[in-house]
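Residue-level structure breakdown
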Amino acid sequence: MSNTGSTRPPIAIDGPAVSGKSSVGRSLASHIGYRFLDTGLMYRAATWNAIKNGVDVNDPAAVAQASESMDFSVSDGKTGDNQIVVNGEDVTKHLHAPMVDDSVSSVASVGRVREIMVAEQRRLASGGAIVMVGRDIGTVVIPKAPLKIYLTATVRTRANRRHREFIAEGTEIEFEDILRSMEQRDLIDSSRENSPLRPADDARVVDTDELSFEEVVNHLVELAKDVL
Ligand code: DC
């Protein structure tokens, strides 16, 4: 993704897993003519790269070393999605594999991995006109962004949404297993030492439990109008 230079400010969206950040963020970006970056994919790419190279994902020094030697780039895909190329290979389709899901929280908790990703995210944000979604966008990556949104929903609602997605794609999985895995990820993401998940002090917190997708997007488009 190139840094095109713009005076339109970046917008930060943070929140826990399956709070709808990515789909809502992508839709917001397309409504307001912004680019879109799902920063979770960058941590997923570091995880995929570590696994592919036989690195123990629970060994922070080894994970850091693998991430330092990883050559990666993020670009806009044809459908508004991001594509990630690692060492010359488009790895996008591998990034939501259960194997990556299970290890990504550990990789994302390594300080050196975060430094590498945050530096690239700030470079991309400096061009403006981008909606960036993640866990620490408003608190760490672009704390000066004039609009920071924190999307949330209860863990049960989010596990239900994920369960429905798995069923829709024909994957059989127990709801209770999804719920447990999500609780575990929430715990790691919000209690880690490096950039834990939390709303920025001046974030607009949007609880999506009782809202439809369209209602959330419309609300965010209205909030964005104040900063465009
Ligand atoms: O949003 P996601 O599920 O694709 O995120 C994958 C993992 O990366 C998750 O464990 C949280 C972490 N992450 C992060 O620590 N900081 C970000 N800005 C984005 C994601």
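First, a word on scope: everything that follows refers to the structure included in this document. Values in this document were obtained by computation on a predicted structure and should not be read as measured data.

1. Description of the packing of helix H1 (residues 21–32) against helix H9 (residues 213–225)
Where H1 contacts H9, the axes come no closer than 9 Å and their chain directions differ by 50 degrees. Considering the angle they form, H1 stands oblique to H9. Helix-helix and strand crossings are classified by hand; for H1 and H9 the assignment is right-handed. From H1, Ser23, Val24, Ser27, Leu28, His31 and Ile32 reach across to H9, where they touch Phe213, Val216, Val217, Leu220, Val221 and Ala224. Counted by class, the contact of H1 with H9 contains nine nonpolar, three polar and no charged residues.

2. Considerations on the side chain of His163
With respect to the helices and strands, His163 occurs in helix H7 (residues 155–168). According to the relative accessible area criterion, His163 is buried, its value standing at 16%. In this structure, His163 is in contact with Ile173, Glu174, Phe175 and Ile178, ignoring residues within four places of it in sequence.

3. Quick notes on the pattern of salt bridges
Counting across every chain of the model gives 14 salt bridges. A salt bridge links Asp136 to Arg114; its shortest N-O distance comes to 2.9 Å. Of this pair, Asp136 sits in the loop between strand S6 (130–134) and helix H6 (137–141) while Arg114 sits in helix H5 (residues 111–125), and the two are 22 residues apart along the sequence. Assigned by exposure class, Asp136 and Arg114 land together as buried. Between Asp177 and Arg180 there is a salt bridge, and its shortest N-O distance comes to 2.7 Å. Of the two residues, Asp177 and Arg180 are both situated in helix H8 (residues 175–191); the distance of three residues between them amounts to about one turn of the helix. Each member of the salt-bridge network shares a partner with another, and the members are Arg44, Asp101 and Arg185.

4. Structural notes on the site of the ligand
Taken together, 16 residues form the shell around the ligand, and within it Arg44, Arg114, Arg135, Arg185 and Arg192 come nearest. The side chain of Arg44 places a nitrogen or oxygen atom 2.7 Å from an oxygen atom of the ligand. Contacts to the ligand include Arg192, whose side-chain N or O atom sits 2.8 Å from an oxygen atom. Protein chains bury 96% of the 450 Å² of accessible surface belonging to the ligand in isolation. Looking at the shell around the ligand, the elements with two or more residues in it are helix H2 (40–52), helix H4 (98–108) and H8.

5. Section: the sheet that holds strand S8 (residues 204–207)
Pairing in this open sheet of five strands is parallel, and the strands run S2-S6-S1-S7-S8 from one edge to the other. If you trace the sheet from one side to the other, it starts and ends with strand S2 (35–38) and S8, each paired once. Averaged over all pairs of adjacent strands, the angle between strand axes in this sheet comes to 20 degrees, irrespective of strand direction. On top of the sheet, H1 reaches strand S1 (11–14), S2, S6 and strand S7 (147–152); it is set at about 175 degrees to S6, its chief contact.

6. So, the packing of H7 against H8
Packed helix pairs are specified by the crossing angle of their axes together with the interaxial distance, meaning the distance between the axes. Between H7 and H8, the shortest axis-to-axis distance is 9 Å and the interhelical angle comes to 125 degrees. The angle between the axes of H7 and H8 places the two elements in the oblique class. For the pair H7 and H8, the sense of crossing is right-handed. Packed against H7, whose contacting residues are Val155, Arg156, Arg158, Ala159, Asn160, Arg162, His163 and Phe166, the element H8 presents Phe175, Glu176, Ile178, Leu179, Met182, Glu183, Arg185 and Asp186 at the interface. Its residues placed into classes, the contact of H7 with H8 shows seven nonpolar, two polar and seven charged.

Thresholds applied
Residues numbered from 1 in each chain as written. Predicted model: local features only at pLDDT ≥ 70, side-chain atom pairs only at ≥ 80, totals over all residues. Heavy atoms only, no water. Axes fitted to C-alpha atoms, helices over the stretch in contact; angles between N-to-C directions. Helix = DSSP H or I, 4+ residues; strand = E, 2+ residues; numbered from the N terminus. Parallel < 35°, antiparallel > 145°, perpendicular 65-115°, else oblique. Left-handed = near helix turned anticlockwise from the far one by under 90°. Contact = heavy atoms within 4.5 Å. Nonpolar A, V, L, I, M, F, W, Y, C, P; charged D, E, K, R; others polar. Buried < 20%, exposed > 50% of the residue type's maximum accessible area, 1.4 Å probe, protein only. Salt bridge = Lys/Arg side-chain N within 4 Å of Asp/Glu carboxyl O. Near = heavy atom within 4 Å. Polar contact = N/O pair within 3.5 Å; in protein donor to acceptor, adjacent residues only side chain to side chain. Areas by Shrake-Rupley, 256 points an atom, 1.4 Å probe, with all protein chains shown as cover. Pairing = 2+ DSSP bridges.

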